[in-house]
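Chain residues, written in single-letter form:
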Amino acid sequence: MPQYMLLLRDSGSFPPDMSPEEMQGIIQRYVSWRNKVASGGRKITGHKLKDREGRLLRGKVGAPVTKDGPFAEANEVIGGLYVVDARDYSEAQRLASDCPHLDFGTIEIREIEPVG
Amino acid sequence: MLATLTRLLGSRHLALAEEVVQEALVTALQQWPYQGIPQNPSAWLIQVAKNRAVDRLRRDRAFDSRERDVAAAFESRAAGSLSAASADAGRPFEDDELCMMFMACHPDIPREARIALTLKTVGGFSVAEIARAFLAHESAIAQRLVRVKKLLREREIPFDVPGEREMPERLDSVLEVLYLMFNEGYAAHTGESLVRQDLVAEAIRLTRLLTRHSATDGPKTHALLALMLLQAARTQARSGADGDLFVLEHQDRSQWDRSMIADGLRHLDASARGQEVSAYHLQAGIAACHASAADYAATDWNEIVSLYDALLDLEPTPIVALNRAIAVSRARGAAEGLRELAALRDDPTLARYYLFHATLGELSREIGDEAAAARHYGAALALASAEPARRFLERKLAAAPPR
């Protein structure tokens, strides 16, 4: 089964002054979404990326340039990623389409090239 | 959680505890969607919050050597309690919530600040939610909380369950706050209903917590919980008819929450263990009369009148007297009720209270005096501010045109 990477971009901010219940509600939505994907027989794993630092290599010599923050395109940084099994792009898109993250940012889907 | 952190840090670091708890929650919000919820979420959150707090205190220590002892003491206490927390996830947090309640309801804290502080620190309500519940401005609630936290620091108000000697007075103060919290939520004359249901649920949860702890599970605590459960069981049937004077009469009793009523009656039994009869006992008794009547006509009004007699002895307030008069009118007829009300006519509080005039209107109509009924309903309408009550009175007036 092909694997797809879901890159979750967001602007890094949830609404301020959220109550613990509201936060719990958001977390619960993600958990439910993952359970739903998994219960459809599709393996899913997630990784949170560290917020504070990142490195970008550029140019022929590849000298590292350290910047203060992660590398933002249009103020959106990749906060984390999921790797999910899917038959094809359209299934991957269908699985991602009800991810609660879409309330907070965008999701980029890329197929992982299988080895060999 | 906040309660646990406050125990670790001491009440004078309540603000720090709040900050690190908030930060831990935000961290969870960022990590858990990807990594899943950890085995023991509470212990995870406490660990993260604790680490933050230690970092902060270490950083501050560089500027203020007096903090050194606090940080050291905190680190050793934190180590101990954390192993306890992971060994038994349920108990220690509940104990901490209890300590937090006693701190927030301490007699040194101004009465009007106690509910807000309890909701914020024990209930985890946001400033915005508290403001909505009390129809106050957020800034006013925020200021009140800042002032009271300063007070906690200055007076070094203890974070613990009081000893046996102080317990009766301290427990009374906590029960009073929970009673007011419940009433604020239950008296649905104003405000957003959703937040208000949260108040009711939180008051019940915290009172239940007190009934489960050997130091606080006295007869009064059970009586208060019984009162709350027996009242809240009727919430569903009550909504939509807000402001109706004899609204019980028209309630669909099949909508009452039977299991809640049974639970309330159990706690009413438990409250009868000692000799003590508090106002909570009597009010719970009245609520039980209503809750166990098969229908309005079957209500034992004589029993209710005698409970009100006893309540009036304990709390001789005009509102209790008014409610007693209503009960008398059901037990012995409208004319008798009107005689009781006539004795209260000069009370300045009742003169401004729309329900007093609405009751006069209702009873006047029952004895066939439509002119008096219209006059009294008019007076009630002039005083009523809440919209459902106004609609109710306008309907009553329309039904009784002055002749």
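Asker: Where do I start with the overall build of chain B in this structure?
Answerer: Each helix and strand in chain B was counted, giving 22 helices and 0 strands. Of all 403 residues assigned to chain B, the portion counted as buried reaches 38%. Counting only contacts in chain B whose residues sit at least 6 apart along the sequence, the fraction spanning at least 24 positions is 60%.

Asker: Would you mind showing me how to read helix H6 (residues 111-121) of chain B here?
Answerer: An α-helical turn contains 3.6 residues, so a residue and the one three or four places further along point in the same direction. Burial analysis of H6(B) places 8 of its 11 residues in the buried class, which makes it a mostly covered element. Along H6(B), the residues that are buried comprise B:Arg114, B:Ile115, B:Ala116, B:Leu117, B:Thr118, B:Leu119, B:Lys120 and B:Thr121.

Asker: Would you explain unusual backbone geometry in this entry?
Answerer: Note: most residues except glycine have negative phi, and most peptide bonds are trans. Even without being a glycine, B:Glu156 presents a positive backbone phi close to 50°. Structurally, the position occupied by B:Glu156 is in the loop between helix H8 (138-155) and helix H9 (167-186).

Asker: What am I meant to see in helix H17 (residues 318-332) of chain B here?
Answerer: All names here are of chain B. Under the 1.5 Å per step criterion, the end-to-end length of H17 is 20 Å for 15 residues, consistent within 8% with the ideal 21 Å. Among the residues of H17, those classed as buried are Ala321, Leu322, Arg324, Ala325, Ile326, Ala327, Val328, Ser329 and Arg330. Looking at the buried positions of H17, the neighbouring elements they touch are helix H16 (301-314), helix H18 (334-342), helix H19 (348-351) and helix H20 (354-366). Two residues or fewer past H17, Gly333 is found with a positive phi of approximately 100°.

Asker: Honestly, the sheet that holds strand S2 (residues 44-48) of chain A in this entry has me stumped. Any pointers?
Answerer: Strands pair in a sheet through their backbones, by hydrogen bonds, and they do so in one of two ways: parallel or antiparallel. All names here are of chain A. Across the sheet, which stays open at both edges, the 4 strands sit in the order S2-S5-S1-S6 with antiparallel pairing between neighbours. In the strand order of this sheet, the two ends are held by S2 and strand S6 (105-112), each with one partner. Adjacent strand axes in the sheet meet at a mean angle of 20°, parallel and antiparallel pairs treated alike. Sheet topology note: the strand S1 (residues 3-10)/strand S5 (residues 77-85) ladder contains 8 bridges and is antiparallel. By the bridge assignment for S5, Met5 is matched with Val83. Along the sheet, helix H2 (residues 89-97) makes contact with S1, S5 and S6, crossing S6 at roughly 150°.

Asker: What's the story with the packing of H6(B) against H8(B) in this structure? I'm lost.
Answerer: Residues and elements named next belong to chain B. The contact between H6 and H8 brings their axes to 10 Å, and the two run at 90°. Between H6 and H8, the interaxial angle falls into the category roughly perpendicular. Between H6 and H8, the contacting residues are Ala113, Ala116, Leu117 and Lys120 on the first element and Ile141, Arg144, Leu145 and Val148 on the second. When grouped by side-chain class, the residues that make up the contact of H6 with H8 number 6 nonpolar, no polar and 2 charged.

Asker: Explanation requested: the interface of chain B and chain A in the structure shown.
Answerer: In many reports, interface size means the accessible area that the parts give up when they come together. The partner chain A presents 13 residues to the 15 residues of chain B that form the contact. At the level of secondary structure, the elements contributing two or more residues to the side of chain B that touches chain A comprise helix H2 (14-35) and helix H7 (127-133) of chain B. The biggest single contributor to the side of chain B that touches chain A is H2(B), with 9 residues. Considered class by class, the residues forming the side of chain B that touches chain A number 9 nonpolar, 5 polar and 1 charged.

Asker: It is not clear to me how the packing of helix H11 (residues 219-232) of chain B against helix H15 (residues 279-292) of chain B should be interpreted in this structure. Could you clarify?
Answerer: How two helices sit against one another is set out by the angle between their axes and by the gap between those axes. All names here are of chain B. Close contact between H11 and H15 brings their axes to 8 Å; oriented N to C, the two are set at 35°. Of the two possible hands of crossing, H11 and H15 adopt the one that is left-handed. In contact with Lys220, Ala223, Leu224, Ala226, Leu227, Leu230 and Gln231 of H11, H15 contributes Tyr280, His281, Gln283, Ala284, Ala287, Ala288 and Ala291. In terms of residue class, the contact of H11 with H15 is built from 10 nonpolar, 3 polar and 1 charged.

Asker: Sorry, what's going on with the pairing of S1(A) here?
Answerer: Within a regular strand, side chains alternate between the sheet's two faces. With 8 bridges connecting them, S1(A) and S6(A) associate as antiparallel partners. By the bridge assignment for S6(A), A:Leu8 is matched with A:Ile107.

What counts as what
- Residues numbered from 1 in each chain as written.
- Chains lettered and ligands numbered in written order.
- Predicted model: local features only at pLDDT ≥ 70, side-chain atom pairs only at ≥ 80, totals over all residues.
- Helix = DSSP H or I, 4+ residues; strand = E, 2+ residues; numbered from the N terminus.
- Buried ≥ 20, exposed ≤ 12 C-beta atoms within 10 Å, placed from the backbone.
- Contact = placed C-beta atoms within 7 Å.
- Expected span 1.5 Å × (residues − 1).
- Pairing = 2+ DSSP bridges.
- Axes fitted to C-alpha atoms, helices over the stretch in contact; angles between N-to-C directions.
- Parallel < 35°, antiparallel > 145°, perpendicular 65-115°, else oblique.
- Nonpolar A, V, L, I, M, F, W, Y, C, P; charged D, E, K, R; others polar.
- Left-handed = near helix turned anticlockwise from the far one by under 90°.

Any functional reading would require information that these geometric values do not contain.
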